[in-house]
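# Architecture at a glance
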Amino acid sequence: MALDLKTKKVSIQEYVRSLENLHDKLKSLSEHNNALDPKLAEYAFVPLSHVFREAKVFPVRVVEIALGCLNILIVKGWRDQMVPKMVKQLMMLLPFLASGSPSKPNIKKVNEELATAAFECMIGLFQVSGNIDESLRETESAPALGYAVTVMLDGVKESPSLRVRLAAMTSLNGLIGRLSDHDVLKGFLPGIVSSITIILSAKNQVGSSSKLLVLGLGILQNILVKVLSDDSVGLNGADQKIQDPTISKTNEHGQNSWLEATGSQLKMALANVVQLRYHERLAVRTALSKMCVLILVSCRKSMHQSISMIVDTVVVLYANPDTKGSNQHNILSAFSADTTLLDMLKSSLHDWVTSLPRIVQSNDDTRKQQTMETISAAYMILQSNGVPLDLVNDALASNLKDSISALIERSAGKTILSAPDTAEDMSLAMRSSKGTDRPKTFQAILFGDSSGKETLAHLEDLTKRLLEVPNSSELRTNAVRTLRTSAGHQQLAVMWLCLQMAAVATSDSEELSKYIDLSALESPQTQFLDDLYSFAISILSRSTFDSDSNSWQLQALSLESLAHQALAQQQDFRPELVDSLYPILERLGSSNASLQQHAMTCLNIVSNACEYTSPAALIVENADYLVNAISMKLNTFDISPQAPQVLVMMVRLCGSPLIPYLDDLVESVFSILACYHGYPKLVESLFSVLKAIVEEAGNSTTPLIEGGKDSTTRPKPYKPATMDDVADLFRENRERRDRPPSPLSPPSSPPHRPFAELAASTSDPTKATPTTAEEEEEEEEPTTAPPHEHDLSTLPPAETPSPRPSKTHNIITSITSLTPSHLTSPSPTLRTSLLSLLTTSLPPLSHDTDTFLPLAATLYPYISTRLFSSPAPFPFETLAAAQAMTTLLRCAGDFMKSRTDAEWPRFVKLFKRVEGEMQEEVRASGGRVGGSWWRAWDAVVGCVVGVVRDVGVGEEGEDGVFEILGGYVGGAEEQREEGDKKGGGKRGDGKGGVGVIVRGKRRVGREVMSQERKEEVEQCLEDLNPDFLWLVKERGRVQRGGERLKKPVGPAGLEFGDIEY
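Sequence order as written defines residue numbering, which begins from 1 separately in each chain. Predicted model: local features are reported for residues with pLDDT of at least 70 only, side-chain atom pairs are reported and counted for 80 or more only, and whole-chain, interface and lining totals are derived from all residues. Just so you know, side-chain values use all the structure's heavy atoms and leave hydrogens and water out.

- Naming follows an unreviewed UniProt entry, where the protein appears as ARM repeat-containing protein of Ramalina farinacea.

## A closer look at the overall build of the protein
- A tally of helices and strands in the protein yields 44 helices and two strands.
- Buried means the residue's accessible area, taken with a 1.4 Å probe over protein chains only, is under 20% of the maximum for its type, while exposed means over 50%, and partly exposed covers the values in between. Residues classed as buried in the protein amount to 48% of the 1061 residues present.
- A separation of at least 24 residues holds for 76% of the contacts in the protein among residues at least 6 apart in sequence. The helix count covers DSSP runs of H or I at least four residues long, the strand count covers runs of E at least two residues long, and both are numbered beginning at the N terminus. A contact between two residues is defined here by any heavy atoms of the two lying within 4.5 Å.

## Points about the pattern of salt bridges
- Note on definitions: salt bridges are taken to be side-chain nitrogens of Lys or Arg within 4 Å of carboxyl oxygens of Asp or Glu. One pass over the full model with this rule turns up 22 salt bridges.
- Glutamate 877 is the partner of arginine 831 in a salt bridge, and the nearest nitrogen-oxygen pair spans 2.6 Å. Taken together, the residues arginine 831 in helix 36 (residues 828-845) and glutamate 877 in helix 38 (residues 875-892) connect sequence positions 46 residues apart. Take arginine 831 and glutamate 877: they sit in the same class, and that class is buried.
- For lysine 912, the salt bridge identified is with glutamate 963, shortest N-O distance 3.0 Å. Note that lysine 912 is positioned in helix 40 (residues 904-924) and glutamate 963 in helix 42 (residues 955-965), a separation of 51 residues in sequence.

## Comments concerning a nonpolar patch on the surface
- The patches described consist of residues with a relative accessible area above 30% and no salt bridge, like charges being joined within 9 Å and nonpolar side chains (Val, Leu, Ile, Met, Phe, Trp, Tyr) within 5 Å. For the area figures, the Shrake-Rupley method with a 1.4 Å probe applies, and any residue is considered shielded solely by the protein chains shown. Together, Leu29, Leu40 and Tyr43 line one region of the surface with nonpolar side chains, adding up to about 310 Å² of accessible area.
- Among the secondary structure elements, leucine 29 is positioned in helix 2 (residues 12-30).
- Judged by relative accessible area, which is 34%, leucine 29 ranks as partly exposed.

## Description of the side chain of glutamate 560
- When you line up the elements, glutamate 560 lands in helix 24 (residues 551-569).
- Judged by its relative accessible area of 13%, glutamate 560 is buried.
- With sequence-adjacent residues up to four places away left out, glutamate 560 is seen in contact with Phe442, Gln443, Leu499 and His598.

## Observations regarding the environment of leucine 603
- Note that leucine 603 resides in helix 26 (residues 593-609).
- Distance in space between the C-alpha atoms of leucine 603 and alanine 563 is 8.1 Å, their sequence separation being 40 residues.

## With respect to the packing of aromatic side chains
- Each pair of aromatic rings taken from Phe, Tyr and Trp, with Trp reduced to its six-membered ring, is defined by centres within 6.5 Å and is described as stacked if the planes are under 30 degrees apart, edge-to-face if over 60, and tilted in the remaining cases. Under the counting rule described, the total for this entry stands at eight aromatic pairs.
- Geometrically, the ring pair formed by tryptophan 937 and tyrosine 968 is tilted, given 5.4 Å between the ring centres and 50° between the ring planes. Of this pair, tryptophan 937 sits in helix 41 (residues 932-951) while tyrosine 968 sits in the loop between helix 42 and strand 1 (977-978), and the two are 31 residues apart along the sequence. Just as tryptophan 937 is buried, tyrosine 968 falls in that class too.
- Through pairs of rings, three or more aromatic residues link up here, namely Phe868, Trp904 and Phe907.
- A positively charged side chain is recorded as over a ring if its NZ (Lys) or CZ (Arg) lies within 6 Å of the ring centre. The angle to the ring normal must also be within 35 degrees. When the ring centre of tryptophan 258 is taken as reference, the NZ or CZ atom of lysine 186 above it lies at 4.7 Å.
- Over the ring of tyrosine 612 we find arginine 574; its NZ or CZ atom is 4.0 Å from the centre of that ring.

## Focus: the packing of helix 6 (residues 112-128) against helix 8 (residues 142-158)
- To get an axis, fit a line to the C-alpha atoms, keeping to the stretch in contact for a helix; angles then go from 0 to 180 degrees between the N-to-C directions. Viewed as axis vectors pointing N to C, helix 6 and helix 8 meet at an angle of 130°, and their least axial separation amounts to 12 Å. Between helix 6 and helix 8, the angle is such that the two are oblique. For the element pair helix 6 and helix 8, the recorded crossing hand is left-handed. Counting all contacts with helix 6, which are made through Phe119, Met122 and Phe126, the residues of helix 8 involved are Val151, Met152 and Gly155. Orientation is classified from the angle alone, with under 35 degrees giving roughly parallel, over 145 giving roughly antiparallel, 65 to 115 giving roughly perpendicular, and any other angle giving oblique. Handedness of a crossing follows from how the near helix is turned relative to the far one, being left-handed for an anticlockwise turn of less than a right angle and right-handed for a clockwise one.

## A short note on helix 18 (residues 390-410)
- What a helix should span is 1.5 Å times the count of its residues minus one. Under the 1.5 Å per step criterion, the end-to-end length of helix 18 is 30 Å for 21 residues, consistent within 8% with the ideal 30 Å.
- Regarding helix 18, the residues found buried are Val392, Asn393, Ala395, Leu396, Asn399, Leu400, Ser403, Ile404, Ser405, Ala406, Leu407 and Ile408.

## Some points on the packing of helix 4 (residues 60-78) against helix 6
- One way to put it is that helix 4 packs onto helix 6 with a least axis distance of 9 Å and a crossing angle of 15°. As summarised for this structure, helix 4 and helix 6 are arranged roughly parallel, according to the angle between their axes. Here the hand of the crossing between helix 4 and helix 6 comes out left-handed. Residues Val60, Val63, Glu64, Leu67, Leu70, Asn71, Ile74 and Val75 of helix 4 touch helix 6, and the partners they reach there are Glu113, Leu114, Ala117, Ala118, Glu120, Cys121, Gly124, Leu125 and Val128.
- Note on residue categories: nonpolar means Ala, Val, Leu, Ile, Met, Phe, Trp, Tyr, Cys or Pro, charged means Asp, Glu, Lys or Arg, and polar means any other residue, Gly included. Its residues assigned to classes, the contact of helix 4 with helix 6 comprises twelve nonpolar, two polar and three charged.

## Concerning unusual backbone geometry
- The phi dihedral of glutamine 570 falls on the positive side, at around 60°, and the residue is not glycine.
- Residue position: glutamine 570 is located in the loop between helix 24 and helix 25 (577-588).
- The phi dihedral of glutamate 611 falls on the positive side, at around 65°, and the residue is not glycine.
- A relative accessible area of 52% means that glutamate 611 is categorised as exposed.

## Digging into the environment of asparagine 604
- Mapping asparagine 604 onto the fold places it in helix 26.
- For the pair asparagine 604 and proline 615, spaced eleven residues apart in sequence, the C-alpha to C-alpha distance is 6.0 Å.

## Some details on the environment of leucine 889
- Among the secondary structure elements, leucine 889 is positioned in helix 38.
- By relative accessible area, which is 0% here, leucine 889 ends up buried.
- For the pair leucine 889 and arginine 714, spaced 175 residues apart in the sequence, the C-alpha separation amounts to 9.9 Å.
- Ignoring any residue separated from it by four or fewer positions in sequence, one finds leucine 889 in contact with Tyr860, Met896, Thr900, Gly946, Val947, Asp950 and Val951.

## Let's talk about helix 6
- Between its first and last C-alpha atoms helix 6 spans 25 Å; for 17 residues at 1.5 Å apiece the expected length is 24 Å, and the two agree.
- For helix 6, a buried count of 13 out of 17 residues is recorded, marking the element as mostly surrounded by other parts of the structure.
- Two N or O atoms count as a polar contact when they lie within 3.5 Å, although within protein this holds only if one can serve as hydrogen donor and the other as acceptor, and sequence-adjacent residues are included solely when both atoms are side-chain atoms. The N-terminus of helix 6 is capped by asparagine 111, whose side-chain oxygen sits 2.9 Å from the backbone nitrogen of glutamate 113.

## Some remarks on the confidence of the model for the protein
- When pLDDT is averaged along the protein, the result is 77; 77% of the residues meet or exceed 70.
- Low pLDDT, under 50, characterises residues 238-251; the predicted model gives this stretch 29 contacts beyond four residues in sequence or across chains. Predictor confidence is given residue by residue as pLDDT, running from a minimum of 0 to a maximum of 100.

Shown next as structure tokens:
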């Protein structure tokens, strides 16, 4: 058919189908073992040879299918029985088909499928044949081999198709594996290395496949080991150092010169190749690692110029976490086999350590991490081989400190977040959070960003490596000594290093304590932790308002030191809480969120290490230490805000049992307030302490006064007389009139002494009134007075001793009585806080009337001044003043009636003013309620209700009450008062002045008052005068369009009056 196609007796389509049929048949036969043999392959090759002979005439598809058939014949037919003559023919044919022309090869213009098929045939040829150079021993065959190598290299470099490049590189690799002649390989070495280096260089990696790079590294590995191995060049076993420029005196001068020249060229080429050590693909890094390890093992002497670079590359690849497991054993074995390599690595490690401070200051985060990983890996390799590292250790310790200091300096300008948590929030969190929810790991404060955290992790690893050396105790001692003499960023860096050492020492102590009792031993780790703890306490004992910008970071690291000491000592750390607990709690009040979080974490760790159930339990059981520490600060007029915040947290956590021990603290607080009353922030923080004390005392279930009696009286609700009440009154009068008179008792003579003195001497003999001598004689003489003359039963009973107040009662009374003097502060927020404090303190004090009423009389002018102040205060201040007044009136009862009666017009004026503000606010918000003035108005309504319900009002006051509140419980839309034009308003016989026309007023929607408040107001008005309330509701109903009531017809001579609407 090939001849017919040439003479055009058959069409191309028919010939293609015939070749495809042949390809399918051959492929089917190849799937059966030994179905194809060399004879059958030779027979099938005959028609294919016509196609290859006329390859330029036939279409590309025909040649491509023919090459596919040839590949099957080579691999499955001839296999390893191919004769050298056939190998020589194919070595000339296949490169020609792959390049297009033997004279002017141009791989770019060759069809992709055709070139790929040709290279795949070469791959198959190299797989099944033996040594290619044995088949091409004749001199005339050398050009064919050179041409084949040239075509393969051109396919690797110039082909635009990745498939062609992969096939060409695979065939080249197969050819190198089949060549055994050292001189032939030496001749191909420059060209192959140059071409492959171009492929592997960084500038040509864009768009390169990882498979292509792996194949290229494999080719380099194979040809370098075959050509330049110490065995191949005769250097194996020679007593020659790598650094010596002459390889061996026994070698010929030409061989030495060639090795030197080749080695220098290879060094430049490998400098580009080793950049692949940072490649993202694991396969590429693994291939490079294998190549470098083989060079170290097989070419240590012949490639001595590149060995230092190869050593660095191997360590970098070993340091990579992904590459480490794939070739780890081979790398370690390579270094163990030659001490010269270890010396090179030690020198490189020293250079890396020296350059570390400069590298960490760069903006290349990847380079920083790679450098530290490399240092750590080199350190581990040298340690595993027992290499002394004294100089390297000193350099590493010094440069670690400089590196950390540089990193801290770079991050010094970052924004410090403020802490939103208050003392109440922190105490609530400590009291309610479970043990598993509490943070027990410190957050990084020196390097906040993600790259900084990775850098921090590598620095920690380097520090651990440093502590594994035998003289690590010396390093710890020097670090602590440097800590006390350094300052600024250097001190922070040394402190951070000490903490990493402390973490290792703590873990070692915990591990050993499982098996050995270390309490009686003074180990170097224990001494190091003690020294570090002592320094940390000295830092935390200073004022938290240090002018140094690094102060908060140093304090945070000191808190970490306290935690390490607690973890190391466990329960034995409890006595140290005397000095360490208050500094921890003091940092909880810091405005720096990071420092506050550090303090919280430290407290959690300490409480867990000392085996307390929670941080709250730790604080409660050590409250005496804290009270003493706070007292010392307040007594010295230390006005930092941390002490009040710690005290607030203690009070919240410990509750009322702590309050009796705070009497001296309260006195100190008021002493500071007297001296620094012009500082609103300070005053507010101190009063927050007093408010916490008052609130916890109010929450206590124990009364402040044992046996206290609440005899406060309040007005009774109005109750109109019924017919039953009139009948009972007549019955009582009749019984009193019909009762017989009782006989009069004879008058008794007065005693010798006044009744008061006699009663006092009887109840308390020690307080008897001294008498004169004559009186004593008269008492000694027998008296003839009647028996009833000295009968004490006729005397009035002696007064029972007043109940003794508790210390908590005295403290709360002192706070309540001293607080009003600060209501003149110019700060409205402080005044509001003080009014809230009074609102909280009054109810627990009101359980004993005798002690409370004088205090109430003292407080009333202060509270009323704030309530009726002019100009009008802020709505929140009006709200607090109204609530305080309501509480005072509820606790004091009708004891305040004379005061409220005198100031009743001011109550009405206040209500109208606040009501007007509320109405404007509601209108401005589109009818929505709940604003600041609405809340203030609601509190004023409650205050008016308190006056009526708890104190009582007169008849004039009743009119005012219905005037301002009647409209909110069903009164008319308009309000007015109409009296008799000739005089005052007419009043009927009933209570409340029903003759005065009063109509409730509502200028906004009726639902402005909450339902709960409306029910309270309605109940108050009903208790005051139910008839008047009915009249107000009736008038409101008629005003809203309701039908008037019909006047009933009475009996003869009786006519009902008209209702004035």
